[in-house]
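What follows is the residue order along each chain.
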Amino acid sequence: MSFGYFGTAAYYTPEKAGKSLWERIIHCNRLYFTAKFAWIVLKTRGEAIRGIYDTRAWADSSFYILRFIEKTGGRFRITGMENIAKDPSPVVFIGNHMSTLETMVLPSIIAPLREVTFVVKESLVKHPFFGHVMRSRDPIVVGRRDPRKDLEEVMTKGAELLSRGISIVIFPQSTRSIEFKPEDFNTLGVKLAKKAGVSVVPIALKTDFWGQGKIIRELGPLDHKKPVCFKFGEPVPVTSNGKIENQKIIDFIQSSLRDWNEQK
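Residues numbered from 1 in each chain as written. Predicted model: local features only at pLDDT ≥ 70, side-chain atom pairs only at ≥ 80, totals over all residues. Heavy atoms only, no water.

## Re the packing of helix H7 (residues 147-163) against helix H8 (residues 188-196)
For the record, the criterion: Orientation is described by lines fitted to C-alpha atoms, with helices fitted over the stretch in contact, and by angles between N-to-C directions that extend from 0 to 180 degrees. In this description a helix means any DSSP run of H or I spanning at least four residues, a strand means any run of E spanning at least two, and both kinds are numbered starting from the N terminus. Note on terminology: angles under 35 degrees are roughly parallel, angles over 145 are roughly antiparallel, angles of 65 to 115 are roughly perpendicular, and the others are oblique. The hand of a helix crossing depends on one turn: near helix anticlockwise from the far one by less than a right angle means left-handed, and clockwise means right-handed. Here, residues are in contact when the closest pair of their heavy atoms is within 4.5 Å.
Contact pair H7 / H8: the axes reach a minimum separation of 9 Å and the direction vectors enclose 45 degrees. As far as their axial angle goes, H8 and H7 are oblique. Where H7 crosses over H8, the two elements pack in a sense that is right-handed. Touching Leu-151, Val-154, Met-155, Thr-156, Gly-158, Ala-159 and Leu-162 of H7 are Leu-188, Lys-191, Leu-192, Lys-195 and Ala-196, all from H8.

Following this line, the structure appears as structure tokens:
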């Protein structure tokens, strides 16, 4: 089985015995990180405007971001990639949401293995820099002002995308949060999976390496003491009203976060 850019079902950033002078200069250098991030955002924006930003380009640019995060001192731990395409049918990926990092890096992990898009908030598709790229991925857009309208949009467009073989990533929390609060983790993802007759794949993630900026949320400080962790769980069919399955996802996320915190 192919695992895209990583070759195996688990990936850990290799430890280097020593760093060159240049690597020591850019390590922990927020200015370098911001400049590289701005460059890839502007490059992909231009490609999206010209209509040449396809799934491969999306995955490639995402992997480029992963690599320069590593160059600035980020350490990745990615496990469970064998579960991404274990179910031959499309799936709904459901995970916690900590930072901008997962939105930028998940395409490099998932897209080489199966077609995928995201549920995103309306402000992202209208963003002057990210908007063209996000719209090119044909996402499900929610306004977060009218829960009933958001539910209808996710259920309608989500079912249509899944019927075309496109998997969906959804973060059920209302906003990004370092602390995982189960009470804020709604059942929207499992409801969509139930309606479409597909399985859900849990994603636990720890991405507080990339903080939130005070002026631009997407350009926050970097904390190099914290590893970047992703873990994909086994596909879970939704056979009940969704509450049991949603609790399984919550348990998976809490267990993974607990394990990662103990590994510090």
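## Observations regarding the nonpolar core
Keep this limit in mind: Joining through side-chain atoms within 4.5 Å is the link that ties buried Ala, Val, Leu, Ile, Met, Phe, Trp, Tyr and Cys residues into a set, and such a set is a nonpolar core. When accessible area is computed with a 1.4 Å probe and restricted to protein chains, residues below 20% of their type maximum are described as buried, those above 50% as exposed, and intermediate ones as partly exposed.
Of all hydrophobic cores here, the largest spans 81 residues; its most connected members are Phe-76, Ile-78, Phe-93, Leu-106, Ile-109, Phe-230 and Phe-232. Counting residues per element, this core draws most heavily on helix H3 (residues 55-71), at eight residues. Non-local contacts of Ile-109, meaning those with residues more than four positions away in its chain, are made with Phe-6, Ile-78, Met-81, Ile-84, Phe-230 and Phe-232.

## Re the pattern of salt bridges
One side chain can pair with another of opposite charge once the charged atoms of both are near each other. As a reminder of what qualifies: Each salt bridge in this description consists of a side-chain nitrogen of Lys or Arg and a carboxyl oxygen of Asp or Glu lying within 4 Å of one another.
Here the structure, examined in full by the defined rule, presents eleven salt bridges. In this structure, the salt-bridge partner of Arg-56 is Asp-60, at a minimum N-O distance of 3.1 Å. Pair noted here: Arg-56 and Asp-60 are both in helix H3, with a separation of four residues, about one helical turn. Under the relative-accessibility criterion, Arg-56 is labelled exposed at 59%. Residue classification places Asp-60 among the partly exposed residues on the basis of a relative accessible area of 31%. Residue Glu-234 is joined to Lys-86 by a salt bridge in which the shortest nitrogen-to-oxygen separation is 3.3 Å.

## Overview of the packing of aromatic side chains
Defined as follows: Any two rings among Phe, Tyr and Trp, with Trp reduced to its six-membered ring, count as a pair given centres within 6.5 Å; such a pair is stacked if its planes are under 30 degrees apart, edge-to-face if over 60, and tilted if neither.
Tallied over the full model, the rule gives 14 aromatic pairs. Between the aromatic rings of Phe-180 and Phe-185, the centroid separation amounts to 5.5 Å while the plane-to-plane angle is 70 degrees, which identifies the pairing as edge-to-face. For Phe-185, a relative accessible area of 4% translates into the label buried. One aromatic cluster in this structure is built from Phe-33, Phe-37, Trp-39, Tyr-64, Phe-68, Phe-130 and Trp-210.

## Observations regarding unusual backbone geometry
Comment: phi is negative for the bulk of residues other than glycine, and the bulk of peptide bonds are trans. Despite not being glycine, Asp-138 shows a phi value in the positive range, around 50 degrees. Among the structural elements, Asp-138 can be located in the loop between helix H6 (131-136) and strand S5 (140-142).

## Let's talk about the pairing of strand S6 (residues 167-170)
Put simply, side chains in a regular strand alternate between the two faces of the sheet. We count it as follows: Any two strands with at least two DSSP-identified bridges between them are counted as paired.
The two faces of S6 match: Ser-167 and Val-169 on one face and Ile-168 and Ile-170 on the other face are all buried. In this structure, strand S3 (residues 92-95) lies alongside S6, joined through three bridges in parallel fashion. Paired with Ile-94 across the bridge in S6 is Ile-170. Pairing analysis gives three bridges linking strand S4 (residues 116-121) to S6, with the strands arranged parallel.

## Topic: the packing of helix H2 (residues 30-49) against H3
What counts is decided by this rule: In this classification, the charged set is Asp, Glu, Lys and Arg, the nonpolar set is Ala, Val, Leu, Ile, Met, Phe, Trp, Tyr, Cys and Pro, and all remaining amino acids, among them Gly, are polar.
For the pair H2 and H3, the least separation of the axes is 10 Å and the interaxial angle reads 175 degrees. In this view, H2 runs roughly antiparallel relative to H3, as classed from their interaxial angle. Where H2 approaches H3, its residues Tyr-32, Phe-33, Lys-36, Phe-37, Trp-39, Ile-40, Thr-44 and Glu-47 are matched on the opposing element by Ala-57, Ser-61, Tyr-64, Ile-65, Phe-68, Ile-69 and Lys-71. Across the contact of H2 with H3, the residue classes break down as ten nonpolar, two polar and three charged.

## What about helix H4 (residues 100-110)?
Heads up, the condition is: Polar contact criterion, stated in full: a pair of N or O atoms within 3.5 Å, where within protein one must be able to donate a hydrogen and the other to accept it, and residues adjacent in sequence count only if both atoms are side-chain atoms.
Counting buried positions over the eleven residues of H4 gives eleven, a clear majority of the element. Within H4, the full set of buried residues consists of Thr-100, Leu-101, Glu-102, Thr-103, Met-104, Val-105, Leu-106, Pro-107, Ser-108, Ile-109 and Ile-110. Among the residues of H4, the N-terminal cap falls to Ser-99, whose side-chain oxygen and the backbone nitrogen of Leu-101 are separated by 3.1 Å.

## A short note on the side chain of Asn-96
Inspection of the secondary structure assignment puts Asn-96 in the loop between S3 and H4. Overall, the relative accessible area of 2% leaves Asn-96 in the buried class. A distance of 2.8 Å separates a polar side-chain atom of Asn-96 from the backbone oxygen of Leu-205. In this view, Asn-96 contacts Glu-102, Phe-171, Gln-173, Phe-180, Phe-185, Ile-203, Ala-204, Leu-205, Ile-253 and Leu-257; residues no more than four positions away in its chain are not counted.

## What to know about the environment of Gly-73
Among the structural elements, Gly-73 can be located in the loop between H3 and strand S2 (76-79). Along the primary structure Gly-73 and Ser-174 are separated by 101 residues, whereas in three dimensions their C-alpha atoms are 30 Å apart.

## Quick look at the side chain of Thr-100
Relative to the elements of secondary structure, Thr-100 occurs in helix H4. Reaching out from Thr-100, the side chain makes a polar contact with the side chain of Arg-176 at a distance of 2.6 Å.

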